[in-house]
Amino acid sequence: MVTLDDIANAGLLQKPSDNAPEALERSQSNYKPLHSFALPKDRQYQQQFADIYFLRLTKIKPAVEKVASIAWEGTVIGGERAKKVERVLDVRQGELCWVTGTVYIDMALKPNILEDVSKDRWISAPPSIDHYFSEEGHDAVMLEDDSGRIRLIGDTLKDFFMVTGCIVAVMGTENANGEFQVLDLKFADLPPQPERWELSKPPKPVKSKAKVKDGDVEMTDSPATAQGGKKMAIVSGLEFSGTDTSYTVELNLLLEYLLGEALDPMAQQNELAHISRLIIAGNSIAAEQKTHVEMDTGKGGKPGVHKKYGYDSSSYNPIPSQLLDEFLSELLPSMPVTLLPGALDPANASYPQQPIHAAMFPKSRAYTPLPGAAEHGWLDAVTNPWEGEVDGWRVLGTGGQNLDDVFKYVNSDDRLGMMEAMCRWRCSAPTAPDTLWAYPFQEDEPFVMKECPHMYFVGCQPEFGTKIIQGPDGQMVRLIAVPSFADTREIVLVDSETLDVSRVKITTGTGTSE
Amino acid sequence: MDVYKKFLAENILTEEKVITYRLLSRALHVHPNTAKQMLYDFHKSQNDKRPGAVHATYLVYGIKASGDLSSAPQNGADGDVEMTSSMPEVDSLDNTVPTFILTLIQEQHLKDALSEYEEVSSIHVYSVGPHPAKDLSLLADVANEALRLGPDGSKNPAAIGNSRVRRRERPGAGAKNVAVAVTAARGPAPATKVVQEEPKAAAAASLFKTTTTSKVKEEEPAAKPPPGSSKVASSAPEKKAPPALKRGGSGSSGGIMQAFSKAAATKAKKAEIWQPAIPSGDDSSIQPMSDDGEDDSEMIPQPKAAGPSSTTRKNREARAEELRRMMEEDDEEEDEEEKEESRPDSPVDEEPMEVEPAEEPAAVPEKAEKVEVTGDGRRRGKRKVVRKKQIMDDQGYLVTIQEDAWESFSEDDKPAPPPSFKQKTTGSASSTQSTAASSKSKKAAGPKGSQGSIRSFFSKN
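No experiment lies behind these values; they were computed from the predicted model shown.

Parameters and conventions
Residues numbered from 1 in each chain as written. Chains lettered and ligands numbered in written order. Predicted model: local features only at pLDDT ≥ 70, side-chain atom pairs only at ≥ 80, totals over all residues. Heavy atoms only, no water. Phe/Tyr/Trp six-rings, centres within 6.5 Å; stacked < 30°, edge-to-face > 60°. Helix = DSSP H or I, 4+ residues; strand = E, 2+ residues; numbered from the N terminus. Buried < 20%, exposed > 50% of the residue type's maximum accessible area, 1.4 Å probe, protein only. Lys NZ or Arg CZ within 6 Å of the ring centre and 35° of its normal. pLDDT = per-residue confidence, 0-100. Contact = heavy atoms within 4.5 Å. Axes fitted to C-alpha atoms, helices over the stretch in contact; angles between N-to-C directions. Parallel < 35°, antiparallel > 145°, perpendicular 65-115°, else oblique. Nonpolar A, V, L, I, M, F, W, Y, C, P; charged D, E, K, R; others polar. Core = buried A, V, L, I, M, F, W, Y, C linked by side-chain atoms within 4.5 Å. Patch = residues over 30% accessible without salt bridge, like charges linked within 9 Å, V, L, I, M, F, W, Y side chains within 5 Å. Areas by Shrake-Rupley, 256 points an atom, 1.4 Å probe, with all protein chains shown as cover. Salt bridge = Lys/Arg side-chain N within 4 Å of Asp/Glu carboxyl O. Pairing = 2+ DSSP bridges.

**Q** How would you explain the packing of aromatic side chains if you had to name every residue and give the values?
**A** In this structure the tally under the stated criterion is 14 aromatic pairs over all chains. Measuring from centroid to centroid gives 5.6 Å for Y61(B) and F100(B), while their planes differ by 20 degrees, and the two rings are stacked. Taken together, the residues span a long stretch of sequence, with Y61(B) in strand 2 (residues 55–64) and F100(B) in strand 3 (residues 99–106) at a distance of 39 residues. When its relative accessible area of 0% is taken as the criterion, Y61(B) is described as buried. Members of the aromatic cluster, each reached through a chain of ring pairs, are F37(A), Y45(A), Y351(A), Y439(A), F441(A) and F447(A). Between the NZ or CZ atom of K64(B) and the centre of the ring of Y117(B), over which it lies, the distance is 5.5 Å.

What follows is the structure, given as structure tokens:
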């Protein structure tokens, strides 16, 4: 409980003094983006998607089989020894065995391309369904590889999150109906984790200098909230809007907070100056519901619907991107920014989303790298998903579509659990390309996690959440579900040394308690 | 020292404005922290004189008492995890995440708000206004005003500095100049077209001449690199020579052979359309587009449609190279340029993305089964095509059937010219000349083919 008397005449609640406030220097961000999800400029869309599944299976299968053989080698059930079977087709009825393959889940509400084609339905926007599973339990889980597929049954399946595209090993027997009775199930689990500072060097001299500085300056009463370490801020769903101004004040406060103009000198120095980087995890621009629909049908090539064929410039509202540009251009002189696109942002719709083009930011563009420059920019527009090393930690982040899509498969609200499952499947977007639109990769499957991140964040989630998961080899992953700022007015701060998470919620007077 | 009191008195008491610390800081060029104290001092002194004279809002930052906000969603999420998944056991190490609350609150609610806090690490006056703030969202407008007041827009001395900030280097004299140069280089584009009409419309020739030359001259001083622009100016007339010649030849033949060889006519049309596009520096503008890696594959034929003359071509290439270099320095010009390109003369309106202006006029009627020209000069007709139809049969398999169908078409939906028309273009120049074919080719091409140019033609007069 704080009362008015406690704070009277504290800090800034006094007459202006003559001594000029000293200029603060922000902590530096040690940053190295990886371009794991960058697509070639000359993309082709003629290929089939099957290669993605094949590549994924090839990449993850050895790991799954290793886990499975450790777990099941020599298992004897009912007097029968479990045998490893190479291919799904080799499963023999009545024999206890285990086999590895890709999960495919047939769901009642899942969009079906064959159905669309046969009904001559051509839509350009992904259908927006809340979930794919049906409550009656008609969903069929199958295991398939390049040889064939087999239906999986058994109560064991209910114990796990399962989505199309994840790679699992199952042990059990095929019954008389040709279905595979699953007794146990294994994932690849977390991939090997790189050491900290694997790609970049720790900034030793900078660190010590910062400490000296800390020591120098009026540390008379050590504030309890001051946590000396550097921080990175993660925000998502800023949703700058041309029409909805209900959270403009909060956005302004966020800007002042990040800039270090708000709060008193103590807080500025101990907290705000240590925020070394802002990561924007998607949805910086709000959806303009009506115009979206219009533009989609227009582009979909139905001239009958609209008089104007093609792009209608009158439906374009430049204000959201202008606001975002202003926000960034204010912030950039003080803080580097990593910008991931999200579902609503002006980037390609399919995964992996490519960086938002610099032409969107006439003011902030001065901070982007020159085309073709090797070095990353101060404003770094990156892909979604994105991988990089921030302050030595390997970070994997997405704009949220991958988790949102997995969420539609599973009858659960446990988004952190799904994030964990994705790590343990070693796949950051398992449902691509089935229900999550994706580029038809031919040579590589970038969604496979080759290395375990230290931190995995997913943007644009309904609420904040975090936890740490551990792997069999001592891997530790910090999972963060970053809430949408437009809905929750929250941002997430992550300590660069400990990966401890704190959050900042911005409220305005009448909205909270009254 | 008391400047701020005067400023605040004027703005708050007299003009009844709301003043935030940011606005004050920027208006008086003081540090925001000082501005916060100024607001506090003003608020206190005014209310000491007359209670309720001014009203403040406060920004409070700290940790709220646990139980309401900080832990509820957190525990809910964590509690679920272990129940549903029986994956390798996970001990979530932290259950509580510290949540800092930043609250903007009116002074009348300050007490209540503070009582919810467990600990306040920072509080200061956010704004002072003449009335109790009812709607805090009004402060957003003040914030916008503050942004506008900011010293030259981007520099913000108040914020926490960052010595490592990197901006994009802009080589040369800066964006403005380059932009001017580019538009200048573009300027002659309509001019060339006008000049092209010259031999044909002999009566009006002198008038056009003056306009074109003056136009070119106008642009010349504006252009930044003098060699570049002079090249533009010189290359434009040079470039004009072959098409003008052709026109002259065909024009002399009169309208007798109007029904002559449609193919030749269309080819000639193509040549005409593409030709003027080249001296206007189109290819150079397209080149940087490929930086974006999107959708410009149809554009590629353009540079290939080189004119017959090799010297002019060399000139052009050199100049294009130069332009391209300028272009790659900044893509702002690219945008501007595209606007310029899409409508050389009409006032720029709000269609920033119209990229392929040259495409439409270039479209040419293809060989079709039945073609008829309707009264308004549009071509309509029917053609036979093989359609693929996919149906799902009763077993759930997709079956593709091919069937013949008649499809009607009109000029609107003709495909873009095939990329292989380079030979055609050069070939057509000679063939048109040798056969002395048809003023029709030119007449049909003029109005229909280059809509952009006809518009510019009229706006010139």
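**Q** Now, about the confidence of the model for chain B: what can you tell me, with residues and values included?
**A** Residue and element names in this part refer to chain B. Considering every residue of chain B, the mean pLDDT works out to 60; 36% of them sit at 70 or more. When the criterion is pLDDT under 50, residues 67–94 qualifies, and its contacts beyond four places in sequence or with other chains add up to 55 contacts. Confidence drops under a pLDDT of 50 for residues 416–450, and excluding neighbours within four residues, the segment shows 57 contacts in the predicted structure.

**Q** Report on the packing of helix 9 (residues 401–409) of chain A against helix 10 (residues 415–425) of chain A, specifying residues and quantitative values.
**A** All names here are of chain A. Between helix 9 and helix 10, the shortest axis-to-axis distance is 10 Å and the interhelical angle comes to 105 degrees. In this view, helix 9 runs roughly perpendicular relative to helix 10, as classed from their interaxial angle. Touching N402, L403, D404, V406 and F407 of helix 9 are R415, M418, M419 and M422, all from helix 10. Grouping the amino acids of the contact of helix 9 with helix 10 by side-chain chemistry returns six nonpolar, one polar and two charged.

**Q** Tell me about the nonpolar core, residues and numbers included.
**A** Soluble globular proteins tend to bury their nonpolar side chains together. Residue and element names in this part refer to chain A. Counting 84 residues, the largest nonpolar core has Y257, L258, L278 and L328 as its most contacted members. Here this core gets eight residues from one element, more than from any other, and that element is helix 5 (residues 248–259). For L328, the residues in contact, after removing those within four places along its chain, are I280, V337, L339, F361, S364 and L379. Formed by 60 residues, the second largest nonpolar core is a distinct cluster that contains F37, V91, A438 and C452.

**Q** Which residues make up a nonpolar patch on the surface, and what are the values?
**A** On the surface, I113(A), L114(A), M392(B) and L398(B) cluster together into a nonpolar patch covering about 320 Å² of accessible area. Structurally, I113(A) is set in helix 3 (residues 113–118). Among the residues examined, I113(A) registers a relative accessible area of 55% and is labelled exposed.

**Q** Summarise the sheet that holds strand 20 (residues 501–508) of chain A; cite the residues concerned and give the values.
**A** The ten strands lie next to each other as 13(A)-12(A)-11(A)-10(A)-19(A)-20(A)-3(B)-2(B)-4(B)-1(B), forming an open sheet whose pairing is mixed. Across the chains shown, the open sheet's two edge strands, defined by having one partner strand only, are strand 13 (379–381) of chain A together with strand 1 (19–20) of chain B. Bridge count for strand 10 (residues 231–235) of chain A against strand 11 (residues 275–281) of chain A is five bridges, and the pairing is parallel. Bridged to K231(A) within strand 11 of chain A is I275(A). Running over the sheet, helix 5 of chain A touches strand 10, strand 11, strand 19 (490–495) and strand 20 of chain A together with strand 2, strand 3 and strand 4 (117–129) of chain B and is turned about 135 degrees from strand 20 of chain A.

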